[in-house]
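The primary structure of each chain is shown beneath.
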Protein chains: 2
Amino acid sequence: MPRGIENTLLAAIVEGRLPPGSKLSESRLAEAFGVSRTLIREALTRLETRRIVRVEARRGWFVNTPDAEEANQVYAARRFVEYGFLAKARPFPPAAIARLRTHIEEERAAIAEGDKSTLIYLMGDFHVRIAEASGNRALVELLQTLTARTILISLCYQSERNALASHRDHVEIVDALAAGDMTRAAQLSFDHLEDVEAGLNTDIAPDPLGSLRTTLRLDRAPGEGTKTKRPENPSEPSDQSEKTHLGN
Amino acid sequence: MPRGIENTLLAAIVEGRLPPGSKLSESRLAEAFGVSRTLIREALTRLETRRIVRVEARRGWFVNTPDAEEANQVYAARRFVEYGFLAKARPFPPAAIARLRTHIEEERAAIAEGDKSTLIYLMGDFHVRIAEASGNRALVELLQTLTARTILISLCYQSERNALASHRDHVEIVDALAAGDMTRAAQLSFDHLEDVEAGLNTDIAPDPLGSLRTTLRLDRAPGEGTKTKRPENPSEPSDQSEKTHLGN
DNA sequence: CAGATCAGTCTTGTATGCAAGAACTGCACG
DNA sequence: CGTGCAGTTCTTGCATACAAGACTGATCTG
């Protein structure tokens with residue numbers, strides 16, 4: 001079950017239900033999952049080694065809020081990994097291409113519906129699916145973590161690039177893969193990630209003055225009681241523009 | 001302190017003092033480190049998410065013994081990452097080159113002395129140091145884990161390639177980097193890793209029939225008592241040839 | 001009213017207790 | 001001599017207890 005907790009938390013994070021900066025109270029989570037703090041702690045520890053969450057000594061666990069430097073480095077790492085993979089991998093078999101086309105179709109559908117939560121997940125997962133085509137588990141795990149961190153970044157620095165543009169890039173990449181032109185696919189993927197990163201508002205300053213919001217308790221609705229079952233959400237979901245802006 | 005335990009264990013593993021398959025008893029480690037099982041468990045959990053160790057339910061923790069498939073995938077992942085990084089990174093500044101040359105010198109010295117333990121560490125660490133030149137922490141962490149896993153592989157499938165050959169490859173790579181020829185450095189690095197992998201004896205069958213050695217208790221010296229303070233070493237260090245054969 | 005102080009409450013850090021399962025040991029039996 | 005079986009011991013899994021730091025809020029003081 002501890003692995004299940006890790007995955008459940010990760011899913012909530014990458015789908016934006018637990019935004020960057022959210023406090024993750026061990027005891028509340030323990031209550032929510034119906035287990036003791038021990039298992040929660042194990043799951044959080046795992047997520048910490050993947051840099052998805054962060055712990056401040058005796059203060060609490062938080063969904064990681066990558067700073068500008070970390071954002072840079074994670075994007076750079078992703079570019080390197082995906083470029084190297086595509087440039088050096090053998091051409092994808094038709095079955096893999098078919099799976100990617102299915103994914104592209106899912107993206108299209110999600111965009112049409114404007115289902116933001118699904119979109120965030122799908123746009124990030126595209127790159128993981130590409131890795132899955134290789135059948136290389138080590139690579140998939142690598143990209144899963146890297147992609148999750150990327151989503152965190154997108155969530156922090158509201159991307160100016162909308163999902164449609166990313167979707168079009170994805171289509172182009174799959175076309176190149178289908179044509180067996182790995183070199184082109186690699187370069188497209190590299191450029192795509194550069195464009196996405198360039199679209200970030202890195203001057204947004206993630207949670208200015210440390211965790212000011214938490215300090216000011218913007219996490220709790222004004223009249224709400226002190227006992228909330230769900231972990232607190234320091235960043236207001238309401239201030240997100242209706243158009244689905246996100247990376248990947 | 002839990003982070004210290006993780007690093008201490010990792011160091012012991014990558015330096016070969018805790019060979020693949022070694023059993024890592026929580027209580028013994030707790031005793032050795034002078035802490036409770038809790039902290040040991042946390043360190044082991046961290047190492048497990050990095051695929052350095054593995055846990056079998058209610059049987060115990062073990063230093064991971066990668067099978068042939070995992071070996072393939074980890075090497076492939078490393079090739080992708082390092083190729084992508086070098087092919088797309090900007091040329092290294094002179095200071096970084098200097099540090100790499102220092103490392104090369106350390107390698108040379110270790111080969112001259114035949115200090116096997118140091119050699120294992122250095123030959124693997126070369127690739128980590130290259131990543132360090134980028135100043136990209138995410139990339140460094142990635143390669144640290146990947147390299148550690150590679151060392152495990154080398155330890156399982158006794159490499160036929162000796163350290164000297166790897167050392168020469170490293171020199172060549174640094175020369176290319178010094179010349180600012182990143183494309184060449186990338187390709188050299190890729191080929192180097194392919195050569196190293198090709199030198200593995202993947203037909204050695206890692207610990208045939210599951211953990212036969214453990215079952216047969218080849219880990220304990222015949223007359224030795226049952227209370228050994230150190231974790232058991234299932235693989236005999238004595239059957240290693242005197243010439244330092246290893247990967248990277 | 002502004003500021004300091006101190007008790008109360010929350011958080012994680014770490015140790016410990018207990019239970020369940022796996023494996024080993026020795027014995028009895030065919 | 002091999003084989004099955006039970007008792008014992010060792011292992012991890014998970015819950016819980018307790019300690020100590022950090023924050024909150026009220027009260028007291030100038």
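Look a little higher up for the structure.
For the structure given in this document, a descriptive report is provided here. Each chain has its residues counted from 1, running along the sequence as written. Lettering of chains starts at A and numbering of ligands starts at 1, both following the order in which they are written. pLDDT decides what is reported in this predicted model: residues at 70 or higher carry local features, side-chain atom pairs at 80 or more are listed and counted, and totals for whole chains, interfaces and linings draw on all residues regardless. To get the side-chain values, take all heavy atoms of the structure and skip hydrogens and water.

**Some words on the packing of aromatic side chains**
Any two of the Phe, Tyr and Trp rings considered here, Trp counted by its six-membered ring, make a pair once their centres fall within 6.5 Å; the pair's planes then place it as stacked at under 30 degrees, edge-to-face at over 60, or tilted in between. For the coordinates displayed, the defined rule picks out six aromatic pairs over all chains. The interplanar angle of 75° and the centroid separation of 5.9 Å between the aromatic rings of Tyr-83 of chain B and Phe-190 of chain B together place this pair among those described as edge-to-face. Of this pair, Tyr-83 of chain B sits in helix H4 (residues 68–88) while Phe-190 of chain B sits in helix H9 (residues 182–198); the two residues are 107 residues apart in sequence, bridging distant segments of the chain. Site record: aromatic cluster; members linked through ring pairs are Phe-80 of chain A together with Phe-85 and Phe-92 of chain B. Think of it as a cone above the ring: NZ of Lys or CZ of Arg counts as a charge over the ring if it is within 6 Å of the ring centre and within 35 degrees of the ring normal. Between Arg-79 of chain A and the ring centre of Phe-190 of chain A, over which it is positioned, the NZ or CZ distance is 5.6 Å. Every helix listed is a DSSP run of H or I at least four residues long, and every strand listed is a run of E at least two residues long, numbered separately from the N terminus.

**Let's talk about the relation of the copies chain A and chain B**
Turning chain A through 180° and shifting it by 0.0 Å along the axis lays it on chain B, with an RMSD of 0.0 Å. In symmetry terms, the pair is related by a two-fold rotation axis. Closest approach to the rotation axis among the C-alpha atoms of chain A is made by Gly-84 of chain A, whose C-alpha sits 1.9 Å away. To line up the copies, we fit them by least squares on C-alpha atoms, keeping just the residues with pLDDT of at least 70 in both.

**Quick notes on the pattern of salt bridges**
All names here are of chain A. Any carboxyl oxygen of Asp or Glu within 4 Å of a side-chain nitrogen of Lys or Arg constitutes a salt bridge here. Within this structure, the stated rule accounts for 40 salt bridges over all chains. When the shortest N-O distance is used, the salt bridge between Arg-3 and Glu-6 registers 3.8 Å. Placement of the pair is Arg-3 and Glu-6 together in helix H1 (residues 2–14), with a separation of three residues, close to one helical turn. Judged by its relative accessible area of 38%, Arg-3 is partly exposed. Only protein chains enter the accessibility calculation, which uses a 1.4 Å probe. A residue is then buried if its area is under 20% of the maximum for its type, exposed if over 50%, and partly exposed in between.

**A word on the interface of chain A and chain B**
Often, the extent of an interface is quoted as the loss of accessible area on bringing the components together. Each partner contributes residues to the interface: chain A has 32 residues there, and chain B has 32 residues. Around 2,700 Å² of area is buried between chain A and chain B when both sides are counted, 56% of it from carbon and sulfur atoms. The largest contributions to the chain A side of the interface with chain B come from Gln-73, Phe-80 and Lys-88 of chain A, which together make up 24% of the buried area. Along the contact surface separating chain A from chain B lie six salt bridges. Ionic pairing is found between Arg-137 of chain B and Glu-69 of chain A, a salt bridge with its closest N-O pair at 3.6 Å. As used in this structure description, the phrase polar contact means that two N or O atoms lie within 3.5 Å; if the pair is within protein, one of them must be able to donate a hydrogen and the other to accept it, and residues adjacent in sequence are counted only when both atoms belong to side chains. Linking chain A to chain B there are 13 residue pairs in polar contact (both at pLDDT 80 or more). At the level of elements, helix H3 (37–49), helix H4 (68–88), helix H7 (137–156) and helix H9 (182–198) of chain A are the ones that each hand at least two residues to the side of chain A that touches chain B. Every residue pair with non-hydrogen atoms within 4.5 Å of one another is taken to be in contact. Buried surface area refers to the total accessible area, computed with a probe of radius 1.4 Å, that the two partners give up upon joining, counted for both partners together.

**Observations regarding the packing of helix H5 (residues 94–113) of chain A against helix H8 (residues 163–178) of chain A**
All names here are of chain A. Only the contacting stretch of a helix is used when fitting its axis, a line to C-alpha atoms as for every element, and angles between N-to-C directions run 0 to 180 degrees. Between H5 and H8, the shortest axis-to-axis distance is 10 Å and the interhelical angle comes to 165°. Overall, the two elements H5 and H8 adopt an arrangement that is roughly antiparallel. Crossing of H5 against H8: the hand is left-handed. Where H5 approaches H8, its residues Ile-97, Leu-100, Arg-101, Ile-104, Glu-107, Arg-108 and Ile-111 are matched on the opposing element by Ala-163, Leu-164, His-167, His-170, Val-171, Val-174, Asp-175, Leu-177 and Ala-178. For the contact of H5 with H8, the class distribution of residues is 10 nonpolar, two polar and four charged. Any angle from 65 to 115 degrees is called roughly perpendicular, while one under 35 is roughly parallel, one over 145 is roughly antiparallel, and all others are oblique. By the definition used in this description, the sense in which the near helix is turned from the far one sets the handedness, with an anticlockwise turn below a right angle giving left-handed and a clockwise turn giving right-handed. Polar here means any residue outside two lists: the nonpolar Ala, Val, Leu, Ile, Met, Phe, Trp, Tyr, Cys and Pro, and the charged Asp, Glu, Lys and Arg; Gly therefore counts as polar.

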